[in-house]
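Per-entry structural report
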Amino acid sequence: SYSSIDLLPTLIQTKMVNEGKSLSEALLTAKAEGRLTVGVYECAKIMNVDPDRVSFCLLATDDFGCDIALQIHFTLIQAFCFDNDISIVRVNDLKRLNALVGTKGQLEDAHCVLITNPAEDSWEDPALEKLHLFCEESRSYNEWVPEITLPER
């Protein structure tokens, strides 16, 4: 017989796929509404100047192997997100993320992407709500920076 512990990884993997859809929806909505910040330095600037505007943070670890500077940035960004109660996830496909957030024909530094809050009087994005819940749930399993797989195009 299966224990709930045996099923947990499968459950989390299934959720990762669903969350991948939510993540791409949230990114496309934020991009259309001008609430997307792409690039490690650009993201660090916003976090420094106006952390309350940041709703969601995404780190892309693809080819990261030996880039020590990037690893240090990631560590600092993660710590900042934890301190400021910002949901944070990892994505392992930089190319696919670039295709979603980048400008056509231009390769962005999509190692870090932020979604800022919508205007006060607008609705919270349902896809983003799902992601916040997923992050909260992951933290309860001590998965502090859960990985999400973006869906194939």
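Above this text is the structure in question.
What comes next concerns the included structure. (Residues numbered from 1 in each chain as written. Predicted model: local features only at pLDDT ≥ 70, side-chain atom pairs only at ≥ 80, totals over all residues. Heavy atoms only, no water.)

1. Description of helix H3 (residues 68-83)
Taking 1.5 Å as the rise per residue, H3 with 16 residues should run 22 Å; its terminal C-alpha atoms sit 23 Å apart, in good agreement. Every buried residue belonging to H3 is among Leu 70, Phe 74, Ile 77 and Cys 81, and all of these are buried. Taken down its axis, H3 places every buried residue within 70° of arc, on the same side. Across H3 from its buried face, at more than 90 degrees, point the exposed residues Ile 68, Thr 75, Leu 76 and Asp 83. Between a side-chain oxygen at the N-terminus of H3 and the backbone nitrogen of Ala 69 the separation is 3.3 Å; the capping residue is Asp 67. (Helix = DSSP H or I, 4+ residues; strand = E, 2+ residues; numbered from the N terminus. Expected span 1.5 Å × (residues − 1). Buried < 20%, exposed > 50% of the residue type's maximum accessible area, 1.4 Å probe, protein only. Arc of directions from axis to C-beta. Polar contact = N/O pair within 3.5 Å; in protein donor to acceptor, adjacent residues only side chain to side chain.)

2. Looking at the packing of helix H2 (residues 40-49) against H3
Put simply, H2 and H3 touch, their axes get as near as 11 Å, and they point 30° apart. Between H2 and H3, the crossing angle belongs to the class labelled roughly parallel. Judged by the twist between their axes, the crossing of H2 over H3 is left-handed. Judged by residue contacts, Val 40, Tyr 41 and Met 47 of H2 engage Leu 70, His 73, Ile 77, Phe 80 and Cys 81 from H3. Looking at the contact of H2 with H3, its residues break down into 7 nonpolar, 1 polar and no charged. (Axes fitted to C-alpha atoms, helices over the stretch in contact; angles between N-to-C directions. Parallel < 35°, antiparallel > 145°, perpendicular 65-115°, else oblique. Left-handed = near helix turned anticlockwise from the far one by under 90°. Contact = heavy atoms within 4.5 Å. Nonpolar A, V, L, I, M, F, W, Y, C, P; charged D, E, K, R; others polar.)

3. Re the sheet that holds strand S2 (residues 54-60)
The mixed open sheet is built from 5 strands, whose spatial order is S1-S4-S2-S3-S5. In the strand order of this sheet, the two ends are held by strand S1 (36-38) and strand S5 (147-148), each with one partner. Docked against the sheet, H3 engages S2, strand S3 (87-91) and strand S4 (112-116), running at close to 155° with respect to S2. (Pairing = 2+ DSSP bridges.)

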